[in-house]
Amino acid sequence: MASREPNLLRSPRKRTSAWTSIRSEWDLYLLLVPGICFLLLFKYTPMYGISIAFQDFNIFDGMAASPWVGFEHFERLFTSSDFSLVLRNTVIISLLKLVILFPLPIIVAILLNELKNMAFKRSIQTVIYLPHFLSWIIVSGLFIDLLSVHGGIVNKWLEQLGFAPIAFFMNNDYFRSVLVATAGWKETGWSTIVYLAAFSTIDPGLYEAARMDGASRFRQIWHITLPGIAPIIVLMFILRLGSLFEAGTEQILAMYNPTVYKVSDVIGTYVYRVGMGRQEYSFTTAVGLFESVIGFILVISGNYLSRKYLKRGIW
Amino acid sequence: MRLSWPERLFNVFNYSFFTLMGLTTLLPFVNLLAKSLSSENAVVSGRVSLLPIDLQFGTYRFVLQDDAFLNALRVSVTLTLIGTALSLFVTTITAYPLSKPRLRGRKWLLLLFIFTMLFSGGLIPTYLLMHNLNLVNTLPVLFLPAMVNVYNMLIIKNYFEGLPDSLEESAKIDGAGNLRILFLIYLPLSMPVLATIALFFAVYYWNDYFNAMIYITNPSLKPMQLFLKELLAASSDFIRNAAINADAEMNTAPQSIQAASILVATVPILIVYPFLQKYFVKGVLVGSVKE
């Protein structure tokens, strides 16, 4: 051990061969072994398993013996009416969520930042972070009750205002709104946390100077706060882009029912329903691969554009 | 300082806005609590909104004595404890070497990890893998694949990189190896971020129903969330038994049973949440601002 010490500190950073440096830091590499094993087994092996999208996979024959069919499943995919419906729902629900739910936490964070009563601010934060920690099952349970036609509070209020009750969870016109609203209820508060963190990096001197110049609070928000968090907004936007095609599979699986499949069946739920239910392994793997590839392209290009024009990216 | 009237108006608006937002967040819970504590008659006739009507505690007595419910609770607690401990350990020991710039091949190793965030094999190939590994209908299928979470790993790695290098150097002069430095120096200094990540893992395991839905059909291995999902679909034996028993013995409606079960499953989160809040706020700050 003692003889290796100078090498470890390596003050005049000489060119050591890769092998020597790996040997001298063998314990660091040892720490990586379990993580890499889990990664290879549970993340990379399924990537290899994608090849069944090009086979007529049969679970009894396995991957080795199932016949190859080339792009047959992809041809079926692009002509299937199921797929076009599912793709349409995925895009619509994702865009609705992006347009409505992306700006919301930014606005809430800015308003939250303007609260001067610390006790009030902290209790509000405690309350609005909370729903993030609940499962989609619990959230769907809460809202099925709240929005039910049989004694749900919301419908009671609607009736008092003279409207007809609405079966929110069964209605093709309203179900997507339910998805967006409940996702907003669950995540808006939590999503403010990143922007609040970004505020703390803004130099307080800027606000003082602005006040000296007689800038109102609105002008301070517009000229200091917003530009100050702009980089984080861009970063969060790229991250969101990557999951654009995700649309919220877990949420929808927890909330939907056959009555509203037409407006809410997205790629993720379709792969689960048809893949697991009817065991159409090859076809649904092709559908899943489509989703993965689009997601991948979206993050890569989002990051590329942001690096090029804003000099900033995730990597 | 005197406020101008638009500013005062803004303050009034802002405080009302957040009061309203806070109330909207709490409303569903209050409603559910009221339903779980009301009599069958009041619930079925739809009279309950925010306050319980004809207060009764029979629903909770029923839920907390039901074998299926208690078993699901037991599975979830076991899964959460084992899963959180193992994931936190593996994720931390992965983050530490990757936080050292002197590690040869660090860039490629990081890429190997980050790539899995961007692209995945998808549901069916993953299911077939678990099937081939004979992990279907076992408890480990619910935590082994989640052992390393790359996002959490990067947060811990960022935190480690933020600790001063001099700590490591002085420990090395005293003859400590990498493992000693990690466990005796870095870990004790990383409590806020480790507590945060532990909370994230615990919440993940406690809330996961998707994996259980795919891999678990054996009723004795069903965790809480899957149990609740079936309960909400009102298709489980539990709710049918409950309806029969309820009519015979107790003054409680199936909706009350659902409400009480949901609330009991939420209690563990409500208990740990306030204690961990100061940690996760700090931990998330560290994780996000460093980008």
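Here is what the cut-offs are and how they apply
- Residues numbered from 1 in each chain as written.
- Chains lettered and ligands numbered in written order.
- Predicted model: local features only at pLDDT ≥ 70, side-chain atom pairs only at ≥ 80, totals over all residues.
- Heavy atoms only, no water.
- Helix = DSSP H or I, 4+ residues; strand = E, 2+ residues; numbered from the N terminus.
- Buried < 20%, exposed > 50% of the residue type's maximum accessible area, 1.4 Å probe, protein only.
- Contact = heavy atoms within 4.5 Å.
- Areas by Shrake-Rupley, 256 points an atom, 1.4 Å probe, with all protein chains shown as cover.
- pLDDT = per-residue confidence, 0-100.
- Expected span 1.5 Å × (residues − 1).
- Salt bridge = Lys/Arg side-chain N within 4 Å of Asp/Glu carboxyl O.
- Phe/Tyr/Trp six-rings, centres within 6.5 Å; stacked < 30°, edge-to-face > 60°.
- Lys NZ or Arg CZ within 6 Å of the ring centre and 35° of its normal.
- Buried area = accessible area lost by both parts, 1.4 Å probe.
- Polar contact = N/O pair within 3.5 Å; in protein donor to acceptor, adjacent residues only side chain to side chain.
- Axes fitted to C-alpha atoms, helices over the stretch in contact; angles between N-to-C directions.
- Parallel < 35°, antiparallel > 145°, perpendicular 65-115°, else oblique.
- Left-handed = near helix turned anticlockwise from the far one by under 90°.
- Nonpolar A, V, L, I, M, F, W, Y, C, P; charged D, E, K, R; others polar.

Here we come to the overall build of chain B. Within chain B, the regular secondary structure consists of 14 helices and zero strands. Looking at the 291 residues of chain B, the share that counts as buried comes to 55%. If you take every contact in chain B between residues at least 6 apart in sequence, the share linking residues at least 24 apart comes to 71%. Of the roughly 13100 Å² of accessible surface on chain B, 66% is carried by carbon and sulfur atoms.

Attention now goes to the confidence of the model for chain B. Residues of chain B with pLDDT of at least 70 account for 90%, and the chain-wide mean is 87. Predicted complex, confidence summary: ipTM 0.89, pTM 0.89.

On to helix H7 (residues 150-162) of chain B, then. Between the first and last C-alpha of H7 of chain B there are 18 Å, a value that for 13 residues agrees with the 18 Å anticipated at 1.5 Å per step. Along H7 of chain B, the residues classified as buried are Val-150, Asn-152, Met-153, Ile-155, Ile-156, Lys-157, Asn-158, Tyr-159 and Phe-160 of chain B.

Right, let's get into the pattern of salt bridges. This structure, assessed with the given rule, holds 14 salt bridges over all chains. Notably, a salt bridge pairs Glu-161 of chain B with Arg-106 of chain B, separated by 3.1 Å at the nearest N-O pair. One end of the pair, Glu-161 of chain B, is in helix H7; the other, Arg-106 of chain B, is in helix H5 (residues 106-118), with 55 residues separating them in the sequence. Owing to a relative accessible area of 29%, Glu-161 of chain B belongs among the partly exposed residues under this scheme. One connected set of salt bridges, linked through shared partners, spans Glu-25 of chain A together with Lys-100, Arg-102, Glu-168 and Lys-172 of chain B.

Attention shifts here to unusual backbone geometry. Residues and elements named next belong to chain B. Unlike most non-glycine residues, Asn-134 shows phi in positive territory, near 60°. Counting through the fold element by element, Asn-134 comes out in the loop between helix H6 (123-132) and H7. Within the chain, Asn-137 stands out as a residue other than glycine whose phi angle is a positive 65°. A residue is classified by how much of its surface remains accessible, and Asn-137, at 27% relative accessible area, is partly exposed.

Tallied over the full model, the rule gives 35 aromatic pairs over all chains. Their ring planes at 40° and their centres at 5.0 Å tell us that Phe-120 of chain A and Tyr-15 of chain B sit as a pair that is tilted. Of this pair, Phe-120 of chain A sits in helix H8 (residues 118-129) while Tyr-15 of chain B sits in helix H1 (residues 5-37), placing the two residues on different chains. Counting every residue linked through ring pairs, the aromatic cluster contains Tyr-129, Phe-133 and Trp-190 of chain A together with Phe-200 and Tyr-273 of chain B. Over the aromatic face of Phe-283 of chain A sits the side chain of Arg-76 of chain A, whose NZ or CZ is 3.8 Å from the ring centroid. Over the aromatic face of Trp-136 of chain A sits the side chain of Lys-186 of chain A, whose NZ or CZ is 4.8 Å from the ring centroid.

With 93 residues of chain B at the interface, the matching set in chain A holds 95 residues. Both faces combined, the contact of chain B with chain A buries some 8800 Å², and carbon together with sulfur accounts for 76% of it. Where chain B meets chain A, there are three salt bridges. Linking chain B to chain A there are 23 residue pairs in polar contact (both at pLDDT 80 or more). At 21 residues, the largest contribution of residues to the side of chain B that touches chain A is made by H1 of chain B.

Here the focus is the packing of helix H3 (residues 26-49) of chain A against helix H4 (residues 67-98) of chain B. Remark: H3 of chain A packs on H4 of chain B, axes separated minimally by 8 Å, with the N-to-C direction vectors making an angle of 130°. Of the possible angle classes, the one that applies to H3 of chain A and H4 of chain B is oblique. Considering how the two elements wind past one another, H3 of chain A and H4 of chain B form a crossing that is left-handed. Two secondary-structure elements touch here, H3 of chain A through Leu-28, Leu-31, Leu-32, Pro-34, Gly-35 and Phe-38 of chain A and H4 of chain B through Val-90, Ile-93, Thr-94, Tyr-96, Pro-97 and Leu-98 of chain B. Of the residues assigned to the contact of H3 of chain A with H4 of chain B, the class counts are ten nonpolar, two polar and no charged.

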